[in-house]
Amino acid sequence: MEPRIQFAKTSDGVNIAFCVSGQGRTVVRVPTIPWSHVQQEWENFNYFLPLKPLAENCRIVWYDARGCGLSDRQGIDFSLDAMVRDLSAVVGKLGDERVDLCGIWDGAPVAVAYAAANPERVSSAVLVEAYPNGADYLDTAVGQVELGIRDKDWVLYTEMLARVLWGFREESQGSRAAEYMRACATAETLLAAYDAVNYTWDVTDMLPLVTASTLVLHSKTNPWMPVTAGQRVAAAIPDSLFGLLEDMKYDSLPARIAEFLDLPPPRRISQIVLSGTAVILFADVVDSTALTERLGDTAFRDKARDLDTALRAIIRDNAGTPVEGKLLGDGVLAVFASARLAIEAAIKCGAAGDGASLPLHLGLHAGDVIEEDGNVFGGAVNIAARIAGESAAGEVLVSDIVRGLARTSAGVDFEDAGERELKGVSEPVRVWAVREAG
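Residues numbered from 1 in each chain as written. Predicted model: local features only at pLDDT ≥ 70, side-chain atom pairs only at ≥ 80, totals over all residues. Heavy atoms only, no water.

1. Comments concerning a nonpolar patch on the surface
A cluster of nonpolar side chains, contributed by Ile5, Phe7 and Leu70, occupies part of the molecular surface with about 220 Å² of accessible area. As for its position among the elements, Ile5 is in the segment before strand 1 (6–9). For Ile5, a relative accessible area of 30% translates into the label partly exposed. (Patch = residues over 30% accessible without salt bridge, like charges linked within 9 Å, V, L, I, M, F, W, Y side chains within 5 Å. Areas by Shrake-Rupley, 256 points an atom, 1.4 Å probe, with all protein chains shown as cover. Salt bridge = Lys/Arg side-chain N within 4 Å of Asp/Glu carboxyl O. Helix = DSSP H or I, 4+ residues; strand = E, 2+ residues; numbered from the N terminus. Buried < 20%, exposed > 50% of the residue type's maximum accessible area, 1.4 Å probe, protein only.)

2. Some remarks on the sheet that holds strand 10 (residues 321–322)
Spatially, 10-11-9-12-15-17-16 is the arrangement adopted by the 7 strands of the open sheet, whose pairing is mixed. Edge strands, defined here as strands with exactly one partner in the open sheet, are strand 10 and strand 16 (412–420). The pairing of strand 15 (residues 396–399) with strand 17 (residues 429–436) spans 3 bridges and is classified as antiparallel. Counterpart to Ser399 in the pairing with strand 17 is Val431. The sheet contacts of helix 13 (residues 339–355) involve strand 9 (277–285), strand 11 (332–336), strand 12 (360–368), strand 15, strand 16 and strand 17, and relative to strand 12 the element is tilted by about 165 degrees. Along the sheet, helix 14 (residues 379–390) contacts strand 9, strand 11, strand 12, strand 15, strand 16 and strand 17; its crossing angle with strand 12, the most-contacted strand, is approximately 155 degrees. (Pairing = 2+ DSSP bridges. Contact = heavy atoms within 4.5 Å. Axes fitted to C-alpha atoms, helices over the stretch in contact; angles between N-to-C directions.)

3. Observations concerning the state of the cysteines
In total, this model carries 0 disulfides according to the counting rule given. In this structure Cys19 is a free cysteine whose sulfur lies 13 Å from that of Cys184, the closest cysteine sulfur available. Note on Cys184: no disulfide assigned, nearest cysteine sulfur contributed by Cys68 at a separation of 7.4 Å. (Disulfide = S-S within 2.5 Å.)

4. A short note on the sheet that holds strand 8 (residues 240–245)
Strand order in this open sheet of 8 strands is 1-2-4-3-5-6-7-8, and the pairing throughout is mixed. Looking at strand neighbours, the two that pair on one side only are strand 1 and strand 8, the edges of this open sheet. Each strand of the sheet is rotated relative to its neighbour by a mean of 25 degrees, with strand direction disregarded. Two elements, strand 1 and strand 2 (residues 15–21), share 4 bridges in a ladder whose sense is antiparallel. Within the sheet, the bridge partner assigned to Gln6 lies in strand 2 and is Phe18.

5. Points about helix 3 (residues 107–117)
Among the 11 residues in helix 3, 10 count as buried, and that is most of the element. The set of residues buried in helix 3 consists of Gly107, Ala108, Pro109, Val110, Ala111, Val112, Ala113, Tyr114, Ala115 and Ala116. Residues of helix 3 that are buried in the fold lie against strand 3 (26–30), helix 2 (80–94), strand 5 (99–104) and strand 6 (122–128).

6. Quick word on the side chain of Asp64
Here Asp64 shows up in the loop between strand 4 (59–63) and helix 2. One buried charged side chain, Asp64, makes no salt bridge at all; its nearest oppositely charged neighbour is Arg29, positioned 5.0 Å away. Reaching out from Asp64, the side chain makes a polar contact with the backbone nitrogen of Val38 at a distance of 3.0 Å. Those residues in contact with Asp64 that sit more than four places away from it in its chain are Ile16, Ala17, Ser36, His37, Val38, Gly69, Leu70 and Ser71. (Lys, Arg positive; Asp, Glu negative; His and termini not counted. Polar contact = N/O pair within 3.5 Å; in protein donor to acceptor, adjacent residues only side chain to side chain.)

7. Remarks on the side chain of Ser21
Tracing the sequence through the fold places Ser21 in strand 2. When its relative accessible area of 14% is taken as the criterion, Ser21 is described as buried.

8. Some points on the pattern of salt bridges
Within this structure, the stated rule accounts for 20 salt bridges. Note that Glu344 is salt-bridged to Arg340, the shortest N-O span being 3.0 Å. Residue Glu344 and its partner Arg340 are located together in helix 13, separated by 4 residues, close to a single helical turn. Overall, Arg340 belongs to the partly exposed group, its relative accessible area being 32%. Salt bridges linked by common partners bring Asp12, Arg66, Asp77, Arg85 and Asp86 together as one network.

9. A word on the packing of helix 2 against helix 3
In the contact formed by helix 2 and helix 3, the axes pass within 9 Å of each other and the chain directions differ by 70 degrees. Between helix 2 and helix 3, the interaxial angle falls into the category roughly perpendicular. From helix 2, Leu80, Met83, Val84, Leu87, Ser88 and Val91 reach across to helix 3, where they touch Pro109, Val110, Ala113 and Tyr114. Its residues assigned to classes, the contact of helix 2 with helix 3 comprises 9 nonpolar, 1 polar and no charged. (Parallel < 35°, antiparallel > 145°, perpendicular 65-115°, else oblique. Nonpolar A, V, L, I, M, F, W, Y, C, P; charged D, E, K, R; others polar.)

10. Looking at the packing of helix 11 (residues 288–295) against helix 12 (residues 297–317)
Two elements in contact, helix 11 and helix 12, have axes whose closest approach is 6 Å; the angle formed by their N-to-C orientations is 125 degrees. In terms of orientation, helix 11 and helix 12 fall into the oblique class. Remark: the crossing between helix 11 and helix 12 carries right-handed chirality. Within the contact between the two elements, helix 11 uses Ser288, Leu291, Thr292 and Leu295 and helix 12 uses Asp297, Ala299, Phe300 and Lys303. Residue composition of the contact of helix 11 with helix 12, by class: 4 nonpolar, 2 polar and 2 charged. (Left-handed = near helix turned anticlockwise from the far one by under 90°.)

11. Quick look at the nonpolar core
Ranked by size, the top nonpolar core spans 96 residues in total, and within it Trp35, Leu87, Leu127 and Trp201 carry the most contacts. Top contributing element to this core by residue count: helix 2, with 9 residues. Ignoring sequence-local partners within four residues, the contact set of Leu87 consists of Val28, Val30, Tyr63, Leu101, Val110 and Tyr114. One finds Leu281, Ala304, Leu307 and Ala410 within the second-largest nonpolar core, a separate group that totals 35 residues. (Core = buried A, V, L, I, M, F, W, Y, C linked by side-chain atoms within 4.5 Å.)

12. Considering unusual backbone geometry
Cis geometry marks the peptide bond from Ile33 to Pro34; its omega dihedral reads -5 degrees. Locating Pro34 in the fold gives a position in the loop between strand 3 and helix 1 (38–43). Phi is positive for Asp262, which is not a glycine, with a value near 60 degrees. You can see Asp262 is positioned in the loop between helix 10 (253–260) and strand 9. The exposure class assigned to Asp262 is exposed, which follows from its relative accessible area of 71%. Despite not being glycine, Asp287 shows a phi value in the positive range, around 50 degrees. Position of Asp287 among the secondary structure elements: in the loop between strand 9 and helix 11.

Listed below in structure tokens is the structure:
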């Protein structure tokens, strides 16, 4: 199930939106200002929520700072003290005596300030791309470029930030990242937040007061903040370790955090498949172009986002893993270790699509996959997508391989739908339509 959005009230009366997922020791993600939106981070955009895989073995908590995402947006104070009040409200609502903190980018100084003032509440801290104050950022070439376009057209700013400065080169990824930014904050909020972060925040004198065991991680390829900034943070915290990340994709971050916190390593997609083979589900909205023209861009996107959330919940409830790089409209892709469970999930996904008036093409195939950066690739993935494209609205088509795996266990009938010539596949593929058991 998707996490439930809750609210905590700060000492100065601001409602802070937060979510909780998993069980066990509590790890609180301190947000990057102003880029946080608790719902969209979980559903569609994990750049600032790389802790998501840790929910398998602990309780992760993430929240929106005031002025951002789903928290109160009026009368916003982005001082460091205000940011600590937000974190204090969330920690107080959790009821835990002690928590672990994870601060990424602007979340790192907030985590430092809270840990220094509340040593009895913090067991450990992970600081990623940390810095003591904004001087290091303002001195970088990327920082100067960002500063120069900060007060320009809001849409142009977010598109450029996503594609050029954040590095989302692929068009759909860049557009999605820019839409995410505009959902997180307004142009006015950005200016207020960055003015506070860049020119007033300074935790230099607080670093020696942090008594919690601390891991400081910094990307080798970070053009926004020099590695020396992270090194200075680590050197000033008495009980700290320093480590380098190979790049800014943060794919290795969950495993590094789990190791530091003495948690079991989070699963990767490759760990749920049997003997290197996965059952692959591909789902896509039928004639999404026509639906977009009929409903309008905004209405279609809202309906598709809600359905995407429902499908991912169905997939997880049936022991599958949705691949985060794929989104509805671009297709929902998932992998399973069980053909039976994959078929059950596909049937439920078809019903959800019909219920949302967004009927789906649904296809299943099984084969070896290649995992890279949390995504899966390979010929088997392409065949699953092609099979989905052959299905009628709401129909589940499976390859001969999937039928063979599930023929005696799925509790459904399979109707021979013949051989199909699939684009990019050299030989015809026999497909079967899933029907209710007679």
